[in-house]
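What follows is each chain in one-letter form.
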Amino acid sequence: VGGGGLIAGIAAYVKSIRPDVKVIGVEPEGANAMLQSLRHGEICRLRRVDGFADGVAVRQVGDVCFDLCRQLVDGVMTVKTDEICAAIKDVFEETRSILEPAGAVAVAGAKAYCELNGITGDVVAITSGANMNFDRLRVVSQLADGGLKQEATLMSIIPETNGSFKKFVEVVGEDVNFTEFKYRAVQDETLEAVVLYSVQIESEAQLETLHESLSEAGIFTENVTEDETTQIHLRHMIGGATGVLQERLYEVEIPERAGALDTFLDYVSPKYQITMTHYRSDGGREGKVLFGMIVPPAEREEFDRVLKDTGYVVEDLTSNKAFNMLYGCTRKGACDEKFEQTAN
């Protein structure tokens, strides 16, 4: 579901000849204008839209489409980005055809709906889109296994001592295959290091067993498979300073055009020190850029106004658990401020 035209037309026809057939709409979690509108009984305009599935990324649905959907559609559900990527991989492996994210939304929804409701009969998913940007295939490939529950991304804290990494690998076990791992020695008073890694899994039970084994060995572990900040940014970063005083983390959606990044920096630099950056184009209309900034508490309100003045969509990720384990104050074990996640 994007603006609602396709599902409204299909629902009108299907219900006229087979009123017993259920028509279910599917939207990305970050672009759920129809779901929100149906839930509130009136057309809602989204303040922020996730553009990954750009073919259905709309802020507001159409008036006529909304009225028809309210009368004829049996429900609307949402799917996550990794589930959309998993659906693209499913279709490719079955047909050797590549759907664009918007075209795969229905497949992801059908899988989730059937699993939730135990449906094994005939289900039709309308895959209306194959306008795939080649650069986006990299992101799809990266996230697909997580969406298929075939790979888990974890973070573990191990002692910064000789042999600790070897012991950690032994605890994970000979039967578990690593698909990536990142580790960098640190020298601070905690004498602890954080390992960011991914493993192949065959079931949730296997993942639970692995987590229990690590816990019994005294290795604190966090599952960050579904954390978007980790998947898009942090898994590509390793090393650097930890516990930078007064550092805050932001994700900024910057248009993919020349000069857009410079426009944002004109607002924040050189007054505010930039401590961290990460960005890689995914072929979308906006790029999600990670910034670390030193913002004294006394200047938070002013800095929030500056971010608002940029006109760009900004999300405060300072309280992100994975960030704090890798780089933040919890990495040092000395948080002076209780951070609350906010969206500007």
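Preceding this section is the structure that the text describes.
Account for the pairing of strand β9 (residues 286-294), naming residues and giving values.
Side chains on a regular strand alternate between the two faces of the sheet. Burial analysis of β9 places eight of its nine residues in the buried class, which makes it a mostly covered element. When strand β7 (residues 247-255) meets β9, the two strands line up antiparallel, connected through nine bridges. Bridging from a neighbouring strand, Arg248 pairs with Met293 of β9. Sheet topology note: the strand β8 (residues 274-278)/β9 ladder contains four bridges and is antiparallel. By the bridge assignment, Met276 is partnered in β9 with Gly292.

Which residues make up the packing of helix α4 (residues 81-95) against helix α5 (residues 101-117), and what values go with them?
Helix-helix packing is described using two parameters, namely the angle between the two axes and the distance between the axes. At a closest axis distance of 8 Å, the pairing of α4 and α5 adopts a crossing angle of 95 degrees. Viewed along their axes, α4 and α5 adopt a mutual orientation that is roughly perpendicular. Together, Glu83, Ile84, Ala86, Ala87, Ile88, Asp90 and Val91 of α4 and Pro101, Ala104, Val105, Val107, Ala108 and Lys111 of α5 make up the contact between the two elements. Grouping the constituent residues of the contact of α4 with α5 by class yields ten nonpolar, no polar and three charged.

How would you summarise a nonpolar patch on the surface if you had to cite specific residues and measurements?
Residues Leu6, Val124 and Ile126 make up a contiguous nonpolar surface patch of about 310 Å² in total accessible area. The topology assignment puts Ile126 in the loop between α5 and α6 (136-147). By relative accessible area, which is 41% here, Ile126 ends up partly exposed.

Just give me the short version of the sheet that holds strand β3 (residues 151-159), but keep the residues and values in it.
Here we have four strands laid out as an open sheet, ordered β4-β5-β3-β6, and antiparallel in their pairing. Strands at the two margins of the open sheet, each flanked by one partner only, are β4 (178-182) and β6 (221-223). Direction aside, the axes of adjacent strands within the sheet are offset by 20 degrees on average. Here β3 runs beside strand β5 (residues 192-200); their pairing, made up of nine bridges, is antiparallel. From the neighbouring strand, Met155 faces β5, where its bridge partner is Leu196. Each of β3, β4 and β5 touches helix α7 (residues 164-172); the most contacted strand, β3, lies at about 140 degrees to it.

Thresholds, definitions, all that
Residues numbered from 1 in each chain as written. Predicted model: local features only at pLDDT ≥ 70, side-chain atom pairs only at ≥ 80, totals over all residues. Heavy atoms only, no water. Buried < 20%, exposed > 50% of the residue type's maximum accessible area, 1.4 Å probe, protein only. Helix = DSSP H or I, 4+ residues; strand = E, 2+ residues; numbered from the N terminus. Pairing = 2+ DSSP bridges. Axes fitted to C-alpha atoms, helices over the stretch in contact; angles between N-to-C directions. Parallel < 35°, antiparallel > 145°, perpendicular 65-115°, else oblique. Contact = heavy atoms within 4.5 Å. Nonpolar A, V, L, I, M, F, W, Y, C, P; charged D, E, K, R; others polar. Patch = residues over 30% accessible without salt bridge, like charges linked within 9 Å, V, L, I, M, F, W, Y side chains within 5 Å. Areas by Shrake-Rupley, 256 points an atom, 1.4 Å probe, with all protein chains shown as cover. Salt bridge = Lys/Arg side-chain N within 4 Å of Asp/Glu carboxyl O.

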